[in-house]
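Listed below, chain by chain, are the residues.
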Amino acid sequence: MSEHNKISLNRKELFERACRGEALPRVPVWMMRQAGRYLPEYREIRAKHEFLEVCKTPDLAVEVSLQPLRRLDVDAVIVFSDILIVAEAMGLPLELGDAGPNLPQPIRSEADVRKLKIFDPETDTRFLMEAIRRLVREVGPTVPVLDLLRHPGRWLVIW
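Every chain is numbered independently, its residues counted from 1 as its sequence is written. Thresholds applied to this predicted model are a pLDDT of at least 70 for local features of residues and 80 or more for the giving and counting of side-chain atom pairs; totals over whole chains, interfaces and linings are not thresholded and use all residues. The basis for every side-chain value is the complete set of non-hydrogen atoms in the structure, without hydrogens or water.

Student: I keep staring at the overall build of the protein and nothing clicks. Help me out?
Tutor: Broken down by element type, the protein carries 9 helices and 5 strands. The numbering of helices and of strands both runs from the N terminus, where a helix is a DSSP run of H or I of at least 4 residues and a strand a run of E of at least 2. Along the chain direction, N to C, the helices and strands of the protein fall in the order α-α-α-α-α-β-α-β-β-α-α-α-β-β. In this analysis, two residues are considered to be in contact whenever any of their non-hydrogen atoms come within 4.5 Å of each other. A separation threshold of at least 6 residues defines the contact pool for the protein, and within that pool the share at least 24 residues apart is 55%.

See the structure below:
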């Protein structure tokens, strides 16, 4: 066994090293939100709540985010949300149902782009920021919480 493989890594260290392309004793495992749809506990919540309601209610978003960790002991938690939450925060009306997303007023011109607003995550997506804070507290410092929405232009933020 190499010296590198003898090093004990927590989940967050393992994931961060994988992101940097470093050699690892094993590949970290996590589940995107969509992959959790088969879980009975997810289906139970969705039977009672619309998709956007789950995204915008911190208690529900945290619960759904933690389900794969609890059931499968994965290496990272992905915040339950949707990439179009950012579009909505920028001023685009959003309809999101089981059939998929709908932007009733799509961007079609430069003038439409100029109408978009720069948003404050703490104000315009406070529900998401609260879910992230709760998840980070819940899982502690050794489990990465992955957020795909926090910073425009960045696809992954590790908390």
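Student: Explanation requested: the packing of helix α5 (residues 58–72) against helix α9 (residues 126–139) in the structure shown.
Tutor: Relative orientation and spacing of two packed helices are given, respectively, by the angle between their axes and the distance between those axes. Each axis is a line fitted through C-alpha atoms, and for a helix only the stretch in contact is used; angles between axes span 0 to 180 degrees, taken between their N-to-C directions. Put simply, α5 and α9 touch, their axes get as near as 9 Å, and they point 45° apart. Classified by the interaxial angle, the pair formed by α5 and α9 is oblique. For the crossing formed where α5 meets α9, the hand is right-handed. Of the residues in α9, those in contact with Pro 58, Asp 59, Ala 61, Val 62, Ser 65, Leu 66 and Leu 69 of α5 are Phe 127, Glu 130, Ala 131, Arg 134, Leu 135, Glu 138 and Val 139. Tallied by class, the residues present in the contact of α5 with α9 amount to 9 nonpolar, 1 polar and 4 charged. Roughly parallel means an angle under 35 degrees; roughly antiparallel means over 145; roughly perpendicular covers 65 to 115; every other angle is labelled oblique. Here a crossing is called left-handed whenever its near helix is offset anticlockwise from the far helix by less than a right angle, and right-handed whenever the offset is clockwise. Three residue categories are used. Nonpolar comprises Ala, Val, Leu, Ile, Met, Phe, Trp, Tyr, Cys and Pro, charged comprises Asp, Glu, Lys and Arg, and polar comprises the others, including Gly.

Student: Help me understand the confidence of the model for the protein in this model?
Tutor: Interpretation of the predicted coordinates at a detailed level should be avoided for regions scoring low in pLDDT. Across the chain, each position has a pLDDT score giving the predictor's confidence in that residue, from 0 to 100. Averaged over the protein, the pLDDT score is 86; the fraction of residues at 70 or greater is 84%. Taken together, the stretch residues 150–155 has pLDDT below 50 and engages in 10 contacts with residues farther than four places along the chain or on a different chain.

Student: Which parts of the structure should I look at to understand the pattern of salt bridges?
Tutor: Side-chain pairs of opposite charge can arise whenever the charged atoms involved come near each other. We define a salt bridge as a side-chain nitrogen of Lys or Arg found within 4 Å of a carboxyl oxygen belonging to Asp or Glu. Scanning the entire structure with this criterion turns up 14 salt bridges. The residue Asp 112 makes a salt bridge to Lys 115 at a minimum N-O spacing of 3.9 Å. Linking Asp 112 with Lys 115, this pair stays in helix α7 (residues 110–115), spanning 3 residues, or about one helical turn. Only protein chains enter the accessibility calculation, which uses a 1.4 Å probe; a residue whose area is less than 20% of its type maximum is buried, one above 50% is exposed, and one in between is partly exposed. With relative accessibility at 18%, the residue Asp 112 sits in the buried group. Taking the relative accessible area as the measure of exposure, Lys 115 reaches 65% and is therefore exposed. Of the charged contacts, one joins Glu 130 and Arg 133 as a salt bridge, the two residues approaching to 3.5 Å between their closest N and O atoms. Here Glu 130 and its partner Arg 133 are both found in helix α9, 3 residues apart, which amounts to about one turn of the helix.

Student: Can you walk me through the environment of Asp 120 in this structure?
Tutor: The topology assignment puts Asp 120 in the loop between α7 and α8 (121–124). Expressed as a C-alpha distance, the spacing of Asp 120 and Ala 89, which sit 31 residues apart in the sequence, is 8.3 Å. Between N or O atoms, a polar contact is any pair within 3.5 Å; within protein, one atom must be a potential hydrogen donor and the other a potential acceptor, and residues adjacent in sequence are included only when both atoms are from side chains. At 3.0 Å, the side chain of Asp 120 forms a polar contact with the backbone nitrogen of Glu 122.

Student: What is the right way to read the side chain of Asp 75 from this model?
Tutor: Relative to the helices and strands, Asp 75 is located in the loop between α5 and β1 (77–78). Residue Asp 75 is classed as buried on the basis of its relative accessible area of 3%. Apart from residues no more than four positions distant in its own chain, Asp 75 is found in contact with Arg 11, Leu 14, Arg 26, Val 27, Pro 28, Val 29, Val 143 and Pro 144.

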